[in-house]
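Fold and geometry: a report
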Amino acid sequence: MQVVRYVGLLRGINLGPNRRIPMPRLREVLADRGYGEVRTLIASGNLVLDSDLAEDELALDLAKAIEEEFGLDVPVVVRTGAELAAVLAADPFGDVATDPSRYSVTFLPEPPQKATIRELPPAEGGQYTVLGRELYLWLPDGMAVSPMGKWPWDRLLGVAGTNRNWNTVTKLAELAR
């Protein structure tokens with residue numbers, strides 16, 4: 001299989017005093033595991049690396065490496081650099097989202113069921129849409145204030161993802177080029 005540039009998104013790490021993973025050590029562990037060009041962006045669990053593994057195998061191997069080295073069960077969502085570029089290109093709220101720190105994408109490991117998407121409640125305090133394996137959220141008042149920022153999206157969608165703001169998505173796409 002050919003080597004592909006991937007973005008790995010770790011869920012729920014380094015958000016408080018628990019579930020801490022030092023990014024320099026994570027880079028070392030993954031480089032030692034044979035991944036190429038391993039880079040991280042900010043400490044919230046954003047990786048860019050090269051691998052010849054398929055996407056699902058890579059997500060499992062990254063989670064296994066984290067479990068072995070840090071003793072943490074961390075879900076990992078993976079996208080190719082090209083898939084991340086497509087997320088940016090889709091940009092469903094680019095005409096209304098005026099603050100990239102309040103515009104975000106939740107990356108899902110698999111697309112939610114179409115029936116589940118149809119049953120989602122109407123938007124409240126912002127806008128949202130699900131396109132494939134991504135939930136786009138425009139919350140003009142911010143994640144902490146907007147009612148939709150508190151919705152149990154994992155339960156509503158039937159699949160758990162990991163959220164990144166538009167600034168981070170843009171920087172990851174640049175790194176993954």
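As a reminder, the structure under discussion sits directly above these lines.
Within any chain, residue numbers begin from 1 and follow the written order of that chain's sequence. Given that this is a predicted model, residues contribute local features only at a pLDDT of at least 70 and side-chain atom pairs are listed and counted only at 80 or more, while totals for whole chains, interfaces and linings are drawn from all residues. Remark: hydrogens and water are excluded; side-chain values derive from all non-hydrogen atoms of the structure.

In this section: the pairing of strand 4 (residues 76–80). When a residue's accessible area, from a 1.4 Å probe over protein chains only, is under 20% of the maximum for its type it is buried; when over 50% it is exposed; and in between it is partly exposed. Strands here are runs of E lasting at least two residues and helices are runs of H or I lasting at least four, both read from the DSSP assignment and numbered beginning at the N terminus. Across the five residues of strand 4, five count as buried, placing the element largely inside the fold. Taking every second residue as pointing to the same face, both faces of strand 4 are buried, with Val-76, Val-78 and Thr-80 on one and Val-77 and Arg-79 on the other. Paired strands, in this sense, are two strands between which DSSP finds at least two bridges. With five bridges joining them, strand 1 (residues 4–10) and strand 4 adopt antiparallel strand pairing. Its bridge partner being in strand 4, Gly-8 is matched across the sheet by Val-78.

Moving on, we get to the packing of aromatic side chains. Any pair of Phe, Tyr and Trp rings, taking the six-membered ring for Trp, is counted once the centres come within 6.5 Å. Such a pair is stacked with planes under 30 degrees apart, edge-to-face with planes over 60 apart, and tilted for the rest. Tallying each qualifying case throughout the model produces seven aromatic pairs. With a centroid separation of 4.4 Å and an interplanar angle of 15 degrees, the aromatic rings of Tyr-103 and Trp-166 are classed as stacked. A residue pair is termed long-range when its members are at least 10 positions apart, and Tyr-103 in strand 5 (residues 103–107) and Trp-166 in helix 6 (residues 166–176) qualify at 63 residues. Assigned by exposure class, Tyr-103 and Trp-166 land together as buried. Connected via pairs of aromatic rings, a cluster forms that spans Phe-93, Tyr-103, Tyr-136, Trp-138 and Trp-166.

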